[in-house]
Amino acid sequence: MKKIIAIVGPTGSGKTALGVKIAKEFNGEIINIDAFQVYKEISIGTNKINKNEMNGIKFHLNGEVSIYDSWDIKIFQDRTNEIIDSIISKKKLPILVGGSNLYLDALIYNYDLSAAPRDDKFENLSNEQIYKLLLKQNQEVALKLGVNNRRRNIRALQIINNKEPFRQKNKLHYDCFLITCFIERQKLYDKINTNVDLMIKNGWKNEIETLYQRDKNIDALNAFKAIGYSDILNSIVTNKNIDIEKIKQKTRQYAKRQLSWIRHHYHTSFIFNDNYHALEQNIADFIK
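A brief report on the enclosed structure follows. (Residues numbered from 1 in each chain as written. Predicted model: local features only at pLDDT ≥ 70, side-chain atom pairs only at ≥ 80, totals over all residues. Heavy atoms only, no water.)

## Remarks on the nonpolar core
Then step 1. Ranked by internal contacts, the top residues of the largest apolar core, which has 63 residues, are Y39, W71, L96, L104, I208, I218 and Y266.
Then step 2. Per-element tally for this core: the top contributor is helix α4 (residues 101-108), with 6 residues.
Then step 3. With 24 residues, the next largest nonpolar core counts I7, V20, A23 and F59 among its residues. (Core = buried A, V, L, I, M, F, W, Y, C linked by side-chain atoms within 4.5 Å. Buried < 20%, exposed > 50% of the residue type's maximum accessible area, 1.4 Å probe, protein only. Helix = DSSP H or I, 4+ residues; strand = E, 2+ residues; numbered from the N terminus.)

Right under this line is the structure:
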């Protein structure tokens, strides 16, 4: 079975920096598994890594897709399987890094996303009704898929409700060494608050304003489901101050949902809390 590394954790926990360090030491390439960092046109509010921070490491699916292009979990799954094969063919180590846990699940458990099975209970429901059902059960997934993504929303509801035609239970598609980045909750929340302030300072509003000037319907795009983008756009349109505290709160809530998903979905291979020497040895043992 092909071996991969995956690094998960809440937003702000240092996943990307750790991925770069591991890639540098173990001859790896990084595959982004953040549903919004894949877009070219949005960078500041998604906290996308820059060239200097990459430290010479090859990144895949990082700013490679236009906000106007099709992108969903199925496209991600297909592209990432190809990328992993390419990385392994070069005798390098694939390292998946990001916070979109459903994307990682679809990859390592090889969800069958080729066709949605019939489920009559959804037949007479509107897209909005299906979306609201998903919002109640898993807001993170709903926000990523969007209200008009009917087939994917139904699939997600089926998975959540233990009707799992997309998941081969207990049958991993990859031999995955899964690292969870741990950070004490108050420190995490402080870091999230600081990051939001920095993104505002670094021109987040200007980034959104530029996109809005080009396309007045920009808010309808999936990319604008990323946390904070609609909030800031609304402040631009209504000429009101940005509610920064609201964005911080949404980001903290998102981090809580990420932590909950990790606790309930994954068997962690290693919990990372600045104990890099121990992690280094565990990775060396895994890949040998």
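Having seen it, we continue.
## Overview of unusual backbone geometry
Then step 1. Of note in the backbone geometry, N110 takes a positive phi value of approximately 55 degrees without being a glycine.
Then step 2. Judged by relative accessible area, which is 23%, N110 ranks as partly exposed.
Then step 3. You will see that N239, though not glycine, has its phi angle at about 60 degrees, which is positive.
Then step 4. Within the element layout of this structure, N239 appears in the loop between α10 (229-238) and α11 (244-265).
Then step 5. Relative accessible area serves as the criterion here: at 71%, N239 is assigned to the exposed category.

## Examining the packing of helix α3 (residues 73-89) against α4
Helix packing geometry: the angle between the two helix axes and the distance between the axes.
Then step 1. Between α3 and α4, whose axes approach to 10 Å, the crossing angle comes to 55 degrees. Here α3 lies oblique to α4, going by the angle between them. Like other packed secondary-structure pairs, α3 and α4 cross with a definite hand, here right-handed. From α3, I73, F76, Q77, T80, N81 and I84 reach across to α4, where they touch L102, Y103, A106 and L107.
Then step 2. Counted by class, the contact of α3 with α4 contains 7 nonpolar, 3 polar and no charged residues. (Axes fitted to C-alpha atoms, helices over the stretch in contact; angles between N-to-C directions. Parallel < 35°, antiparallel > 145°, perpendicular 65-115°, else oblique. Left-handed = near helix turned anticlockwise from the far one by under 90°. Contact = heavy atoms within 4.5 Å. Nonpolar A, V, L, I, M, F, W, Y, C, P; charged D, E, K, R; others polar.)

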